Amino acid sequence: MSDGSLPVGVERREFDGTERLATRGEPVYGEPTDGEWRAWNPHRSKLGAMLALEMETGLSGGESVLYLGAASGTTVSHVADFAGPTYAVEFAPRPTRDLLEAGAPRPRLFPLLADARKPETYGHVVESNVDAIVQDVATRGQARVALENRRFLDDDGRLLLAVKARSEDVTREPAGVFDDVCATLEDGYELLEQRRLEPYHEDHLGIVARPR
């Protein structure tokens, strides 16, 4: 994927005079729309921020995705608009209700009420060798979650991880937290790109990696 390019199904389009990322699909969170296109707000989406910052995500469109930490479906609904089968794991029952609503008009989106730290609980549902894992799980041990779910990823697949420093340790400087997370990740992944997600998300690091 060339630098700055977007997956098929994601475009930069103008909304109210401002160029924004956009996908085709039913609106989910009150985002601006233009016909069948809806704006993808990178301030509300870590993956949206990674794309806005032109990180080399490896996404081309149509791939199978395991999304960890789907919450109410803000980002994963955009993913399902351009990807193939999209498995959306969320642990909390309340946002899962919203996630189910976001999934209703999206036949490729499969919401799963499960704990991303326990992949054995959904391994019977998720297809093996997915093309991408997108992870946005605000919990301690974010690298360990990525390592535990590596079993689902194709040998040539990509991990797209948003690390929230304050979820790991609110008392430490984010740079030190990010260093530790990256060191742990290297037990199972080759890190291809790392970038802070400012100005969209404070104290977050975007990581692109592939399985070792």
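Each chain carries its own residue numbering, running from 1 in the direction its sequence is written. Selection of residues for local features in this predicted model requires a pLDDT of at least 70, selection of side-chain atom pairs for listing and counting requires 80 or more, and totals for whole chains, interfaces and linings are taken over all residues. Water and hydrogen atoms were dropped before computing side-chain values, which therefore reflect all heavy atoms in the structure.

Draft legend 1. Inspection of the nonpolar core at higher detail. Here the nonpolar core consists of buried residues drawn from Ala, Val, Leu, Ile, Met, Phe, Trp, Tyr and Cys, with membership extended through side-chain atoms lying within 4.5 Å. Working definition: with a 1.4 Å probe on protein chains only, accessible area under 20% of the residue-type maximum means buried, over 50% means exposed, and in between means partly exposed. Ranked by internal contacts, the top residues of the largest apolar core, which has 32 residues, are Leu66, Leu68, Tyr122, Leu185, Tyr189 and Ile207. By the criteria applied, helices consist of DSSP H or I runs no shorter than four residues and strands consist of E runs no shorter than two, each listed in order from the N terminus. Among the secondary structure elements, those contributing two or more residues to this core are β5 (65-68), β6 (86-90), β8 (130-135), α4 (142-148), β9 (153-164), α6 (174-185), β10 (189-196) and β11 (204-211). For this core, the element with the most residues is α6, which contributes 5 residues. Contact partners of isoleucine 207, with chain neighbours within four places excluded, come to Met50, Met55, Leu159, Leu160, Leu161, Val163, Cys182, Leu185, Leu191, Glu193 and Gln194. Counting 27 residues, the second largest nonpolar core, distinct from the first, contains Leu21, Leu47, Leu51 and Leu197. Two residues qualify as a contact provided that any one of their heavy atoms is within 4.5 Å of a heavy atom in the partner residue.

Draft legend 2. Up close: the pairing of β11. Extensive coverage of β11 is indicated by the burial of 7 of its 8 residues. The pairing of β9 with β11 spans 6 bridges and is antiparallel. Among the inter-strand pairings, valine 163 is bridged to a residue of β11, identified as leucine 205. Strands are treated as partners if at least two bridges between them are detected by DSSP. One ladder, built from 7 bridges, connects β10 with β11; its direction is antiparallel. In the sheet register, arginine 195 faces β11, and the bridge partner there is glycine 206.

Draft legend 3. Quick peek at the pattern of salt bridges. When a carboxyl oxygen of Asp or Glu is within 4 Å of a side-chain nitrogen of Lys or Arg, the pair counts as a salt bridge. Taken as a whole and assessed by the stated rule, the structure comprises 15 salt bridges. Salt-bridge contacts for arginine 94 lead to aspartate 98; the nearest nitrogen and oxygen are separated by 3.4 Å. With arginine 94 and aspartate 98 both in helix α3 (residues 93-103) and 4 residues apart, the pair spans about one turn of that helix. Residue arginine 94 is classed as partly exposed on the basis of its relative accessible area of 46%. A residue is classified by how much of its surface remains accessible, and aspartate 98, at 30% relative accessible area, is partly exposed. Taking the shortest distance from any N to any O, the salt bridge between arginine 196 and aspartate 203 comes out at 3.7 Å. Judged by its relative accessible area of 34%, arginine 196 falls in the partly exposed class.

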